[in-house]
Amino acid sequence: VPEADAPLPVLGSDVLVPLVTGGEVAYAALDYAASAPALRRVWDDVAAYAPYYGSVHRGAGYLSQLSTDLFESSRAAVAEFLGCRAEDQVVFTRSTTDSLNLLASVLPAGTRVFVFETEHHAALLPWQRREGVEVSCLDAPRTPGEAVATLERALAAREPYGPALVCVTGASNVTGELWPVRELAGAARAHGARIVLDAAQLAPHHPVDIAELDVDWVAFSGHKLYAPFGSGVLAGRADWLTGAEPYLAGGGASRKVARRADGGVDVEWHTTAARHEAGSPNVIGVYAIASACKALTEAGFGTLVEREQRLVTRVREGLAEVPEVRVLSLFGDDAPRVGVISFVVEGWNSSHFAAALSAEYGIGVRDGLFCAHPLVRTLLGGHSEEPGECGAPDAAPGGRGEAGVSTAEGRALNAIRVSFGAGTPD
Ligand code: PMP
């Protein structure tokens, strides 16, 4: 992480200015589930390489060769990080959202997709837009066992058998709870379905081994894994990826292009990961992901998990001391979770509470519905009011206890999320 005493950039925001000008910098960024600050090692690696980057796969010059080498060795590093099987492909994308949209674009016609309503919108929505794909949106389970049973039932009811895909999260971006990925993969296998793991929240906190979990694909984002923005990964089985049209058409994805005598254009697309990586790739972003993967592996997930769990316990115990706080949970208080904890404070508008945490205490958290509207609604008691866009719902006027803070019955409309990882300074 950046040095604790490094000066904060002044953002021109009323909120940050007093903290910066007050002499002592005291700002805790506890929104790792949205984006985790890059590791010092990642910044150093990127800074060392940044003056020298050139085009990837497109030049004979030294810088181009260096960049191509870094790009491809980053692919190998990510494959190792994920425990990829020999036949798996690692495709570099912009983000988890991009990865899952890419996968949605290659589904064979007639695929049925099974997804829990509890998913992040990035995992819930891409399938809805694909023509010829039917989506079964499954009820929120209240235990991990119920998740497996619900999926089994839904898969068993699928008639007639055709291509099917299950999409599940490894760790919830709202509750931090771990999902029974291996068991869900087992259910998918038993019914001839494939499974993609949304590891956006799992990969920064736990080892993700694609072969051991027996999932077909894994998607994650660099900016939640202690690397900067702009790069993500879709790794897994090659057949659907190479059997479909490229996600984007352009240079890099095409192997051979020729103009036909009739005026048309013939294209032969690559059958490697390059098929879905048209255009000049984000070599710095990809290199940063690989650097983060290596840093996490070298630190050792055993140590990282232990340290993070100490922080989880500390936060949980602290919140338990405040009677007005209700921690949100689908699987129950004792369910294993990563460093992602959402809660509501009785009588408070969550957005105002979060703003006060930042302005008065220098604690940066997230408020809103966390791009998982159906899940947060379920956790808050199923209110049916229209929320605002992906972040906080349109702020209601007033402060504690005023109109707009909650529904007429006193339920909160949105929540507060505190999230961190082993890279969080004490
Ligand atoms: N899935 C989960 C579980 C997430 O938490 C997020 C980001 N909040 C995403 C998908 C989407 O990631 P990105 O915004 O990097 O595409």
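Parameters at a glance
Residues numbered from 1 in each chain as written. Predicted model: local features only at pLDDT ≥ 70, side-chain atom pairs only at ≥ 80, totals over all residues. Near = placed C-beta within 6 Å. Helix = DSSP H or I, 4+ residues; strand = E, 2+ residues; numbered from the N terminus. Nonpolar A, V, L, I, M, F, W, Y, C, P; charged D, E, K, R; others polar. Pairing = 2+ DSSP bridges. Axes fitted to C-alpha atoms, helices over the stretch in contact; angles between N-to-C directions. Contact = placed C-beta atoms within 7 Å. Domains from an automatic or database assignment. Buried ≥ 20, exposed ≤ 12 C-beta atoms within 10 Å, placed from the backbone.

(A) Looking closely at the site of the ligand. Around the ligand sit 15 residues in total, of which S95, T97, N173, A200 and S221 are the nearest. Every element with two or more residues in the shell around the ligand is listed here: α4 (96-106) and α5 (121-124). Looking at side-chain class alone, the shell around the ligand contains six nonpolar, eight polar and one charged residues.

(B) Representation of the sheet that holds strand β15 (residues 415-419). Taken in spatial order, the four strands line up as β11-β12-β15-β14 in an open sheet, and their pairing is antiparallel. Lying at the two open borders of the sheet, with one neighbouring strand each, are β11 (325-327) and β14 (366-368). Neighbour-to-neighbour, the strand axes of the sheet open up by a mean angle of 30 degrees, direction not taken into account. The pairing of β14 with β15 spans three bridges and is classified as antiparallel. Bridging from a neighbouring strand, D367 pairs with I416 of β15. Across the sheet, helix α11 (residues 301-320) lies against β11, β12 (340-345) and β15, angled at about 10 degrees from β12, the strand it touches most.

(C) Region of the structure containing the domain arrangement of the chain. Considered domain by domain, the chain is made up of domain 1 (17-30 + 300-419) and domain 2 (43-298). Tallying the contact residues gives 26 residues for domain 1 and 22 residues for domain 2. At the level of elements, α11, β12 and α13 (373-380) are the ones that each hand at least two residues to the side of domain 1 that touches domain 2. Broken down by element, the side of domain 1 that touches domain 2 gets its largest block of residues, five residues, from α13. Residue composition of the side of domain 1 that touches domain 2, by class: 19 nonpolar, four polar and three charged.

(D) Local environment of the environment of T175. Among the structural elements, T175 can be located in the loop between β5 (164-169) and α7 (181-190). In this structure T175 comes out as buried when scored by C-beta crowding, with 26 C-beta atoms within 10 Å. Sequence spacing of T175 and G339 is 164 residues, and the spatial spacing of their C-alpha atoms is 9.1 Å. Sequence-distant contacts of T175, that is, excluding residues within four places in its chain, are made with L328, S329, L330, R337 and S342.

(E) Spotlight on the sheet that holds strand β7 (residues 217-221). What the seven strands build is an open sheet, ordered β2-β8-β7-β6-β5-β3-β4; its pairing is mixed. Whereas interior strands pair on both sides, the edge strands pair on one side only; in this sheet they are β2 (89-93) and β4 (134-138). Adjacent strand axes in the sheet meet at a mean angle of 20 degrees when their direction is disregarded. As defined by bridge partners, β5 adjoins strand β6 (residues 194-198) across five bridges and the pair is classed as parallel. Bridge assignment links V166 to a residue of β6, and that residue is I195. In this fold α4 packs onto β2, β6, β7 and β8 (232-236), with an angle of close to 40 degrees to the strand it touches most, β8.

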